[in-house]
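These are the residues of each chain, in order.
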Amino acid sequence: MQGVHPSPLVDLLDRVLEKGLFLSADVFITLAGVPLLGIKLRALLAGVETMLRYGLIDPSDAGVKTEQ
Amino acid sequence: MIAYLYAALSLRAAGRPVDDAQLRAVAAALGLSADEELFAAIARLAGPVRTRAEDGERRTAGTPVTREEAPRPTENACYIYCVVPGSESASLGLIGLGGEEAYLVSWGDLGAIVHKGGRPPALSHQSAAMHQRVVEEALQRFGAVVPLAFGHVMPGGEAAVRDWLAASHEELKEKLEKVRGKIEFGVQVMWDPEAVAARLLSQRQGLRRLKEEAQKNPGEAQQRLQAALDEEMRILADRYAREYREVLGGLSTGVRPERLRQAGDGLQMIAHFSCLVPREDADRLAGMIEECRRDGLLVKVSGPWPPYSFVA
């Protein structure tokens, strides 16, 4: 067996973040920065580019270039 | 900070590519920070990948429920790492996030490993690793563990943790029994798609003929060749995936197909499984994988892990 490009961090995050037991947010504060998430994550579903276009993200803060 | 992943997964679900710059923009929007390596890793995890019918088995509960009326951080709260069988009071020492003491809060014959702290922790490579280390220690010490995903903070302190253990006792007990004495491995099978394509083109008569036609008459014949080649590769990849699944199934009490990730360096992942293996059989796993080794396939095994993939 050849050790091919081991990426332990990816394997770690895959388990620690995406797996394990997830419990209801009614009982738990499950996410860091919870107060922010409701509005902004919903906006994310519309796409990051859209957010940039409508100024939900300041591109200079984000350090990304946009075609505005 | 699971927010990153959530965001990235949402983008992917919408069929959009996810890259490093986008994740950075998301992070900035959410007022969060993360180290460079973490960004790259999440981009790889959530990046565009080939999906298979098997992915249909993925649970939907993995998406965190987010509500604006979710509990607010309070001082009297516990961060929960995992659930273990154990009723005596016990401390794992100062190995929790931020050097906090990780200790057992029990109800009946069940306990949760927690640390006292009011705020959800920031995610970094280091804090993810510390969460994992506590779960690992708990597994060593108590022999079975139901890991929680990173970032669960329960307001209300130890009393609330006990209430939760009491209310979920039966369900948690069942999960613990399922994974008792077992550990998890990740198995990824990869190949070099260019090398495989070249081999198929030289070996398969049908493809050779199409290739000759395509050389004489590019255009439509070229498209037919590409379609036939793609199909042959898909069939071969599926066959290998089935073979590995069978082999792993012989030793494991559970085999879960996982999402195929980007492999990097020109490689393509063709099969990805999580296996739940009885501890005493763990040594045989590597040997069995070696036995069904084939030319041109690269197999990577990660683990042993606590049973993260088998507690949903």
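Residues numbered from 1 in each chain as written. Chains lettered and ligands numbered in written order. Predicted model: local features only at pLDDT ≥ 70, side-chain atom pairs only at ≥ 80, totals over all residues. Heavy atoms only, no water.

Asks: Would you mind going over the overall build of chain B with me for this structure?
Replies: Counting secondary structure elements, chain B contains 10 helices and 11 strands. Looking at the 312 residues of chain B, the share that counts as buried comes to 51%. Residue pairs at least 24 apart in sequence account for 76% of intrachain contacts in chain B once pairs closer than 6 positions are excluded. (Helix = DSSP H or I, 4+ residues; strand = E, 2+ residues; numbered from the N terminus. Buried < 20%, exposed > 50% of the residue type's maximum accessible area, 1.4 Å probe, protein only. Contact = heavy atoms within 4.5 Å.)

Asks: Whenever I open this one, the environment of B:Lys173 confuses me. Can you help?
Replies: Residues and elements named next belong to chain B. As for its position among the elements, Lys173 is in helix α6 (residues 169-179). By relative accessible area, Lys173 is classed as partly exposed at 24%. Counting along the chain gives 64 residues from Lys173 to Asp109, while the straight-line C-alpha distance between them is 9.0 Å. For Lys173, the contacting residues outside a window of four places in its chain are Asp109 and Leu110. Side chain to side chain, Lys173 and Asp109 meet in a polar contact 2.6 Å long. (Polar contact = N/O pair within 3.5 Å; in protein donor to acceptor, adjacent residues only side chain to side chain.)

Asks: What's the story with the environment of B:Gly93 in this structure? I'm lost.
Replies: Note that B:Gly93 resides in strand β2 (residues 91-93). A C-alpha to C-alpha distance of 9.6 Å links B:Gly93 and B:Val134, two positions 41 residues apart in sequence.

Asks: How should I be thinking about the nonpolar core in this particular structure?
Replies: A general tendency of soluble globular proteins is for nonpolar side chains to be buried together. Residue and element names in this part refer to chain B. One finds Tyr81, Ile113 and Trp191 to be the most contacted residues of the largest nonpolar core, which totals 64 residues. Top contributing element to this core by residue count: helix α9 (residues 220-251), with 11 residues. Contacts of Trp191, omitting those with residues within four sequence positions, involve Val196, Met233, Leu236, Ala237, Tyr240, Leu267, Gln268, Ile270, Gly296 and Leu297. If you look at the next biggest cluster of nonpolar residues, it comprises 24 residues, including Ala112, Trp164, Leu172 and Leu276. (Core = buried A, V, L, I, M, F, W, Y, C linked by side-chain atoms within 4.5 Å.)

Asks: Got a minute to help me understand the confidence of the model for chain A in this structure?
Replies: Caution is warranted with low-pLDDT regions, since their predicted coordinates should not be read in detail. Residues and elements named next belong to chain A. The share of residues in chain A with pLDDT of 70 or more is 24%, and the mean pLDDT across the chain is 51. Across chain A, the element-wise mean pLDDT spans from 34 in helix α2 (residues 34-45) up to 81 in helix α1 (residues 8-18). Of the regions scoring below 50 in pLDDT, residues 1-6 engages in 16 contacts with residues more than four places distant in sequence or in other chains. Note that pLDDT drops below 50 for residues 30-68; the model gives that stretch 73 contacts with residues more than four away or on any other chain. (pLDDT = per-residue confidence, 0-100.)

Asks: Would you take a moment to explain the side chain of B:Ser274 for this structure?
Replies: Within the secondary structure, B:Ser274 sits in strand β10 (residues 267-278). For B:Ser274, the side chain forms a polar contact with the side chain of A:Lys19, separated by 3.3 Å. Within the local environment of B:Ser274, its side chain forms a polar contact with the side chain of B:Ser309, the two groups lying 3.4 Å apart.

Asks: Teacher, can you tell me more about the confidence of the model for chain B here?
Replies: Residue and element names in this part refer to chain B. For chain B, per-residue confidence averages 81 on the pLDDT scale, and 75% of positions sit at 70 or higher. Predicted confidence in chain B is weakest over helix α1 (residues 2-13), with a mean pLDDT of 52, and strongest over strand β5 (residues 146-147), with 97. Across residues 47-71, where pLDDT falls below 50, the model places 59 contacts with residues more than four positions away in sequence or in other chains. We note a pTM of 0.71 for the whole complex and an ipTM of 0.70 for its interfaces.

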